[in-house]
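# Summary of structural features
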Amino acid sequence: MTKKTSNTMWGGRFAAGPDAIMEAINASIGFDQRMASQDIEGSRAHAAMLAATGIITDSDAEAIREGLLTVLSEIEGGTFQFSTALEDIHMNVESRLKEIIGEPAGRLHTGRSRNDQVATDFKLWVRDQFDAAEAGLIALIQALLGQAEAGADWVMPGFTHLQTAQPVTWGHHMMAYVEMFGRDLSRVRDARKRMNESPLGAAALAGTSFPIDRHMTAEALGFDRPSANSLDAVSDRDFALDFLSVASITAMHLSRFAEELVIWSSAQFRFVTLSDRFSTGSSIMPQKKNPDAAELIRAKVGRIYGANTGLMIVMKGLPLAYSKDMQEDKEQVFDAADSWMLAMAAMEGMVKDMTANCDSLKAAAGSGFSTATDLADWLVRVLGMPFRDAHHVTGTLVALAESKGCDLPDLTLEDMKSAHENITAEVFDVLGVQNSVDSRMSYGGTAPAQVRIQVQRWKDILK
């Protein structure tokens, strides 16, 4: 519910209130009310500091503290009436506080401005989202580790250009995404650490003449330190851009995996079966089981990318310090955060529930001449051929197998010798897909033993 209230909070200077159009374009309460708890948290820290430094009395600070708790309970209980005439969450909270406690409410804003207040609120909100993203990424990585550990020995085709390249293991493929999301996790933690400076007390742009203690409020709000330059503190939105940048990279990784799940769950591949919890049916085709969750994750990327680009454009031409343009920083961040958290949760659910179809994976792993590289390596290792010569001989045998309508292991020894007379029956030992993956024992390779090493490494990291 919205009540119409004339905004006298910045009265004095203006003889008449804004007309309806100006009120509509100026108001942000329709979206920044999401920062209500952060706004009240910041105000409580500020009031406690004002009392500790003797700027306001202890009794006023106590009245403010209790009044703010009442406001918070009204907001959380859904009984608070937000007013567009009061523009934003800061003015809405302060106006209601004045109704509850009277004159002491007017002393809360001493030594600060809406400029440092909104920067503080927004930082606190984004920091909370970084924490949520960290938890979401850890849960997703753990789900992938579960799949990797279960399928460390399962063979499947590895692809380049979406063409069969070499056999790999299911566990190795899952661990590739663990590495991707692991980098995202490090970016989340890095960005959170970098943003953790408090703008509160920077005031409008120049600081304040009141003897405030910015270190006290920074500590109370969980910041590492107060920001060192008041101009930068109120005009900085790098933390929001960092958030959107990390979200964009993570979303790209989510989309790549979602694309694979769409392909893998198709009738043409049958590599995985997605659970009914993350699939839908067709209104007209009863046989359909659509990977809608994966497709929607793939689409969410557009919204997150759009938010990243949008905020960059908002900020690119702004002189120091604060400009009203910066009111347009929040909606896109809010939307991107919602999309990011939902996409991670959906992907975690799909990964935990999906079933790898081992028979289909194994059959596909042996097709498409996937062990051709193993054949070339054998020619180098056993016959001492230069790799380029071995590559040529192997290509000749691939063409021969293709003309016969068979795969490399189905060629006869006579066929093999037609390409090079020194080839022996021993070559057939390396042409099986299981032998191929077992031999890839280089660090980070696809061999089951290496996969298990990496699974354990990540379990140790997450501890």
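Residues numbered from 1 in each chain as written. Predicted model: local features only at pLDDT ≥ 70, side-chain atom pairs only at ≥ 80, totals over all residues. Heavy atoms only, no water.

### Some words on unusual backbone geometry
Threshold: Secondary structure follows DSSP: runs of H or I at least 4 residues long count as helices, runs of E at least 2 residues long count as strands, and numbering of each begins at the N terminus. Throughout, exposure labels follow a simple rule: accessible area from a 1.4 Å probe, protein chains only, divided by the maximum for the residue type, with under 20% read as buried, over 50% as exposed, and the rest as partly exposed.
In this model, Leu-320 is joined to Ala-321 through a cis peptide bond whose omega is 5°. With respect to the helices, strands and loops of the structure, Ala-321 is situated in the loop between helix H11 (292-315) and helix H12 (330-353). We note that Leu-162 has phi near 60°; this positive angle belongs to a residue other than glycine. In this structure, Leu-162 sits in the loop between strand E1 (155-160) and strand E2 (163-169). Assessed through its relative accessible area of 54%, Leu-162 is described here as exposed. Despite not being glycine, Arg-270 has its phi angle at roughly 55°, a positive value. Relative to the assigned elements, Arg-270 resides in the loop between helix H10 (238-264) and strand E5 (272-273).

### Re the nonpolar core
Here is the rule: Residues belong to a common nonpolar core when they are buried Ala, Val, Leu, Ile, Met, Phe, Trp, Tyr or Cys residues joined through side-chain atoms within 4.5 Å. Contacts are residue-level and defined by heavy atoms, with any inter-residue pair within 4.5 Å sufficient.
In this structure, Phe-257, Trp-264, Trp-340 and Met-347 are the most contacted members of the largest nonpolar core, which totals 76 residues. Those elements giving two or more residues to this core turn out to be helix H6 (114-150), helix H7 (170-195), H10, H11, H12, helix H13 (358-365) and helix H18 (448-462). Tallying contributions element by element places H10 first for this core, with 15 residues. Leave out the neighbours within four places in its chain, and Trp-264 touches Met-156, Trp-170, His-173, Met-174, Phe-257, Phe-269, Arg-270, Phe-271 and Val-272.

### Concerning the packing of aromatic side chains
Applicable threshold: A pair of aromatic rings is counted whenever rings of Phe, Tyr or Trp (Trp by its six-membered ring) have centres within 6.5 Å, and the orientation is called stacked for planes under 30 degrees apart, edge-to-face for over 60 and tilted otherwise. Counted as over-ring charges are cases with an Arg CZ or a Lys NZ within 6 Å of the ring centre that also lie within 35 degrees of the ring normal.
Tallying each qualifying case throughout the model produces twelve aromatic pairs. When the ring of Phe-269 is compared with that of Phe-271, the centres are 5.1 Å apart and the planes differ by 80°; the resulting orientation is edge-to-face. Owing to a relative accessible area of 3%, Phe-271 belongs among the buried residues under this scheme. In this structure, Arg-127 is placed above the aromatic ring of Phe-223, and the distance from its NZ or CZ to the ring centre is 4.8 Å. Sitting over the face of the ring of Phe-122, Lys-330 holds its NZ or CZ atom 5.4 Å from the ring centroid.

### Considerations on the environment of Ala-299
Looking at where Ala-299 falls in the secondary structure, it is placed in helix H11. Note on Ala-299: relative accessible area 49%, which makes it partly exposed. Between the C-alpha atoms of Ala-299 and Phe-428, which are 129 residues apart in sequence, the distance is 46 Å.

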